[in-house]
Number of protein chains: 2
Amino acid sequence: MPNTVLPSSPAPGARRDGRVKALPDQMRQHNRSLVLTALFHDGAMSRADLARTTGLTRVTVSALVGDLVTAGLVQEQGAREASGPGKPAVVVDLDRTGLMVVGVDLSAAHEVRGAVLDLAGAVVHRAAVDRPADGDADGTLATLESLIDDLRAAATGRVIGIGVGTPGVVSDEGVVVASPDIGWHDLPLQENLRIRTGLPVYVANDADVAVLAERTLGGASENFMLLKIDRGVGGGVVVSGELARGSRYAAGEVGHVTVGTDGGRECACGRIGCLETWASVRAIETRIAAGEPAEHVLREAGERLSIAIAPVVGALDLSEIVLSGPAARLDGLMRTTAERTLRDRVFLHDDVQVRMSALGEDVVLLGANAMLLHGELGIT
Amino acid sequence: MPNTVLPSSPAPGARRDGRVKALPDQMRQHNRSLVLTALFHDGAMSRADLARTTGLTRVTVSALVGDLVTAGLVQEQGAREASGPGKPAVVVDLDRTGLMVVGVDLSAAHEVRGAVLDLAGAVVHRAAVDRPADGDADGTLATLESLIDDLRAAATGRVIGIGVGTPGVVSDEGVVVASPDIGWHDLPLQENLRIRTGLPVYVANDADVAVLAERTLGGASENFMLLKIDRGVGGGVVVSGELARGSRYAAGEVGHVTVGTDGGRECACGRIGCLETWASVRAIETRIAAGEPAEHVLREAGERLSIAIAPVVGALDLSEIVLSGPAARLDGLMRTTAERTLRDRVFLHDDVQVRMSALGEDVVLLGANAMLLHGELGIT
């Protein structure tokens, strides 16, 4: 099997007429990813620059670009002034603003949020609908489907696929194994939506989707945990640059771990002192509404968060914890208390950081976009 | 670059005279690993069977086996009776009993233990010397070096390399970044021993070495944590089949994480209530020697162990915790209490297992052997 990736190898598929023999699918797919990734990160460039950047031959690049133009993913953008002698080179680029992704976030406390994003991650249209009551599994599915229909109708370009982030345990195939609050169990949501829409669909746990956004766009390190704090407390863990999945796709689920050895409040799951009873936005707001001083509640939320997370920081030698959720609650006393508590409780980690995600409340929508870029276009 | 791995591809390097053109180093190394791994796991076989098992061509296998025989790693073992027509085929095998590894375990409470093992993992010679006092960095190094000399002298076959497991934070290059009890800091132990002995040397954290043994020989799952409980409490974490290393090679270090929210004893590190003050064998023995009832001490050790580890089980969705250390202390009340506590404190994990390592007290020595098999022979 000829390898066209190594820069030093000749173009083994090249014929005298300048065309390229059919390459095995996998190799072609790999080379296509190299070209799309280069364009995504480095912007418009000539075919010659693409060849230099990817290490592919010019013949291979020309054939791939031809295919990508035909597929409507890449556009020729006219000639740039030549820097040297000869005629100006035509530059090509991803169709960044003409191609779109529909993203939906099921993790917010009160609404189901959706958006149409272009490939650059800009939100070109937004929509949100009230969230059905807890446990209304059918109602939530109907709400999701109709929101997706509305978003597709509002898209001003070609929608290349749909990404959904939902609370709960989600398999690699997008089956929602369990999402207790919504009431979904073993729901093949990804497959159902794919059949319904005829488009590529990616469904994943909301915190894992946020982790993908943070990795792709947020500059996170190779070893971190993201905590998604809103209605509940979910998480995603990155170990050596890879998202941990766990023995049953449930990695990151720390909302129902008991915190401390001094009791606590009763949790919806029936046990006492779960992390969610201390640190979810719902728990914080309930306590404040009941008259507890906000400072005390937020300080305690931060402290309990880190009592729970400290062993994870030690066991994985994490360099940072990223918080995602409403900044009004999280970014202040809660965050600073969490950071101090963590440094106190884990040896050798007096420099561990607790920071807010820089991606704000759109993190799951941006992650939905990243799922499509990665899954459909191979962009890494 | 021709690919000789795919079974469906022709033998691209084969010439009419039956010899094989020089292959790039990386590919040759890969194919050599395939052959050695097949022999290691499946035992002696003919060159034809090796070709079938590895998917390599017979020409490639013959050339590789020739090289391996020359290198003294593989032996011809005479002919087996043919099952079909034709003359009986010569079978080849790893020189399992003629090749040896020197392993040293620095993690035991009172002694430095070493062994000569053959490639099959059988201990052919054992030695142990008293451990120098805490903080005697030079004395411990001298003890280690002289133990290695003695073990090499006692080997009855060719020693292919040396593996050392030590408490502390150890870099990928075998630099002991910090081993506070011994007093080593930024000690390039692997390189020093390599220069001193002229042999391949692998130095790694003791718990990580134990994890490797458990993965290679102990039948552990893809997502587990091993806790090495002896002098201190160390750990190694496997996520999706890969050993977690962490942001500073300190993954697994949970001995100095604070447990619970109700105080505890002062730790050598200067803080209060670290896991080691509850669950190390040293802490357990000190408390029992002071007259506390053993049942109470062991039950509390198991409970505190799981209070600390529960968030790790949730965050990584682990299916089992493997305990390694003196069975007389660990395997009984401590283990059963740990399992029950873990199931109580992590939602969705009421089937998580806490079990003893099946490899007993030689786990680090067996892991040292596995480091050499993997690192020098590419056996996986």
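Looking up chain A in an unreviewed UniProt entry gives the name ROK family transcriptional regulator, with the organism given as Candidatus Microbacterium stercoravium. UniProt, in the comment section headed Sequence similarities (unreviewed entry), describes chain A in these words: "Belongs to the ROK (NagC/XylR) family."

Enquirer: Please set out the pattern of salt bridges residue by residue, giving values where relevant.
Expert: All names here are of chain A. Inspection of every chain in the model, using the stated rule, returns 56 salt bridges over all chains. Between Arg 282 and Asp 134 there is a salt bridge, with the nearest N and O atoms lying 3.9 Å from each other. Here Arg 282, found in helix H8 (residues 281-289), pairs with Asp 134, found in the loop between strand S6 (123-130) and helix H4 (137-154); they are 148 residues apart in sequence, far enough to count as distant. With a relative accessible area of 38%, Arg 282 lands in the partly exposed category. Judged by relative accessible area, which is 45%, Asp 134 ranks as partly exposed.

Enquirer: Just give me the short version of the nonpolar core, but keep the residues and values in it.
Expert: Across soluble globular proteins, you tend to see nonpolar side chains buried next to one another. Counting residues in each nonpolar core, the largest one holds 78 residues, and the members touching the most others are Met 225, Leu 227 and Ile 321 of chain A together with Met 225, Leu 227, Leu 316 and Ile 321 of chain B. Sequence-distant contacts of Leu 227 of chain A, that is, excluding residues within four places in its chain, are made with Val 233, Gly 234, Gly 235, Val 254, Leu 305, Ile 309, Ile 321, Val 322, Leu 323 and Ser 324 of chain A.

Enquirer: Requested: an account of the relation of the copies chain B and chain A, with residues and values cited.
Expert: The transformation that overlays chain B on chain A combines an axial shift of 0.0 Å with a rotation of 180°, and the residual RMSD is 0.0 Å. The transformation relating the two chain copies, once decomposed into turn and shift, fits a two-fold axis. A shared binding surface is used by both copies, with 100% of the interface residues of chain B retained as interface residues in chain A.

Enquirer: Kindly report on the sheet that holds strand S11 (residues 201-205) of chain B, identifying the contributing residues and their values.
Expert: Residues and elements named next belong to chain B. Strand order in this open sheet of five strands is S6-S5-S4-S7-S11, and the pairing throughout is mixed. Each end of this open sheet is capped by a strand with a single partner; those strands are strand S6 (123-130) and S11. Geometrically, the sheet is characterised by an average inter-axis angle of 15° between neighbouring strands, direction not taken into account. In the sheet, strand S4 (residues 99-105) pairs with strand S7 (residues 158-166) via seven bridges, with the strands oriented parallel. Bridge pairing links Met 100 to Val 159 in S7. Packed on one face of the sheet, helix H5 (residues 189-197) meets S7 and S11 and runs near 155° to S11. Contacting S7 and S11, helix H6 (residues 206-217) runs over the sheet at an angle of about 105° to S11.

Enquirer: Describe the state of the cysteines, and please don't skip the residues or the numbers.
Expert: As enumerated under the stated definition, the model contains zero disulfides over all chains in all. Here Cys 269 of chain A is not cross-linked by a disulfide; its sulfur's nearest cysteine counterpart is in Cys 274 of chain A, at 3.6 Å.

Enquirer: Give a detailed account of empty space enclosed by the protein, specifying residues and quantitative values.
Expert: Taken as a whole and assessed by the stated rule, the structure comprises six cavities of 30 Å³ or more. Approximately 90 Å³ is the volume found for the largest cavity. Looking at the lining of the largest cavity, the elements that each hand over two or more residues are helix H9 (294-316) of chain A together with helix H9 (294-316) of chain B. Within this model, the second largest cavity holds a volume of roughly 50 Å³.

Enquirer: Describe in detail the packing of helix H1 (residues 25-42) of chain A against helix H3 (residues 58-70) of chain A, supporting the description with residues and values.
Expert: Residue and element names in this part refer to chain A. The N-to-C vectors of H1 and H3 enclose an angle of 85°; their axes lie 10 Å apart at closest approach. As summarised for this structure, H1 and H3 are arranged roughly perpendicular, according to the angle between their axes. Residues Arg 28, Asn 31, Arg 32, Val 35 and Leu 36 of H1 pack against Thr 60, Leu 64, Asp 67 and Leu 68 of H3.

Enquirer: Give a detailed account of H9 of chain B, specifying residues and quantitative values.
Expert: Residues and elements named next belong to chain B. For H9, with 23 residues, the first-to-last C-alpha span of 32 Å sits near the 33 Å given by 1.5 Å per residue. At Ile 309, H9 shows its largest kink, close to 40°, and the proline Pro 311 lies no more than four residues downstream. Backbone geometry just downstream of H9 places Asp 317 in the positive-phi region, at approximately 50°.

Enquirer: Give a description of the packing of aromatic side chains that names residues and reports values.
Expert: Residue and element names in this part refer to chain B. The tally for this structure, following the rule as stated, stands at zero aromatic pairs over all chains. Seen from the ring of Trp 278, Arg 265 lies directly overhead, with NZ or CZ sitting 5.3 Å from the centre. Lying across the ring of Trp 278, Arg 304 places its NZ or CZ 4.1 Å from the centre.

Enquirer: Explain the UniProt feature "domain: HTH marR-type" (unreviewed entry) in chain A residue by residue, including any values.
Expert: If you check UniProt for "domain: HTH marR-type" (unreviewed entry), the listed places come out as residues 35-77 of chain A in our numbering. Secondary structure across residues 35-77 of chain A comprises 67% helix and 14% strand; the distance between its end C-alpha atoms is 16 Å.

Enquirer: If you had to explain the layout of surface pockets to someone new, which residues and values would you point to?
Expert: The rolling of a water-molecule-sized probe over the atoms marks out the regions of remaining empty space. Estimated volume of the largest pocket: approximately 980 Å³. The wall of the largest pocket is formed by 36 residues, among which Asp 208, Leu 212, Glu 242, Leu 243 and His 374 of chain B lie closest to the centre. The set of elements that each furnish at least two residues to the lining of the largest pocket consists of strand S14 (242-243) of chain A together with S11, H6, strand S13 (233-239), strand S14 (242-243) and helix H12 (363-377) of chain B. Classifying every residue of the lining of the largest pocket by side-chain character gives 19 nonpolar, 11 polar and six charged.

Enquirer: An account of the interface of chain B and chain A is needed here, citing residue identities and associated values.
Expert: Taken together, the contact between chain B and chain A spans 48 residues of the former and 48 residues of the latter. Summing both sides of the interface, chain B and chain A together bury roughly 3600 Å²; the carbon and sulfur share of this comes to 56%. Run the count over chain B and chain A and you get four salt bridges. Here Arg 248 of chain A ties to Asp 317 of chain B by a salt bridge, and the two come within 3.9 Å at their closest N and O atoms. Counting every contact that joins chain B to chain A gives 23 residue pairs in polar contact (both at pLDDT 80 or more). Breaking the side of chain B that touches chain A down by element, the ones donating at least two residues are S13, H9 and helix H11 (333-345) of chain B.

Enquirer: Could you give an account of the packing of H9 of chain B against H11 of chain B, with specific residues and numbers?
Expert: Residue and element names in this part refer to chain B. Where H9 meets H11, the axes come as close as 7 Å, and the angle between the chain directions of the two elements is 35°. H11 is crossed by H9, and the crossing has right-handed handedness. Contacts between H9 and H11 involve Glu 295, Leu 298, Arg 299, Ala 301, Gly 302, Glu 303, Leu 305, Ser 306, Ile 307, Ile 309, Ala 310 and Val 313 on the former and, on the latter, Leu 333, Met 334, Thr 337, Ala 338, Glu 339, Thr 341, Leu 342 and Arg 345. Its residues assigned to classes, the contact of H9 with H11 shows 11 nonpolar, four polar and five charged.

Scoring rules and cut-offs
- Residues numbered from 1 in each chain as written.
- Chains lettered and ligands numbered in written order.
- Predicted model: local features only at pLDDT ≥ 70, side-chain atom pairs only at ≥ 80, totals over all residues.
- Heavy atoms only, no water.
- UniProt positions renumbered as here; feature names shortened; annotations may be inferred.
- Salt bridge = Lys/Arg side-chain N within 4 Å of Asp/Glu carboxyl O.
- Helix = DSSP H or I, 4+ residues; strand = E, 2+ residues; numbered from the N terminus.
- Buried < 20%, exposed > 50% of the residue type's maximum accessible area, 1.4 Å probe, protein only.
- Core = buried A, V, L, I, M, F, W, Y, C linked by side-chain atoms within 4.5 Å.
- Contact = heavy atoms within 4.5 Å.
- Least-squares fit on C-alpha atoms with pLDDT ≥ 70 in both.
- Pairing = 2+ DSSP bridges.
- Axes fitted to C-alpha atoms, helices over the stretch in contact; angles between N-to-C directions.
- Disulfide = S-S within 2.5 Å.
- 1 Å grid on protein atoms, 1.4 Å probe; cavity = no way out; pocket = protein on both sides within 12 Å on 5 of 7 lines; lining within 4 Å.
- Points joined across faces, edges and corners; volume = space filled by probe spheres on them.
- Parallel < 35°, antiparallel > 145°, perpendicular 65-115°, else oblique.
- Expected span 1.5 Å × (residues − 1).
- Bend = angle between axes of the 7 residues up to and from the residue.
- Phe/Tyr/Trp six-rings, centres within 6.5 Å; stacked < 30°, edge-to-face > 60°.
- Lys NZ or Arg CZ within 6 Å of the ring centre and 35° of its normal.
- Nonpolar A, V, L, I, M, F, W, Y, C, P; charged D, E, K, R; others polar.
- Buried area = accessible area lost by both parts, 1.4 Å probe.
- Polar contact = N/O pair within 3.5 Å; in protein donor to acceptor, adjacent residues only side chain to side chain.
- Left-handed = near helix turned anticlockwise from the far one by under 90°.

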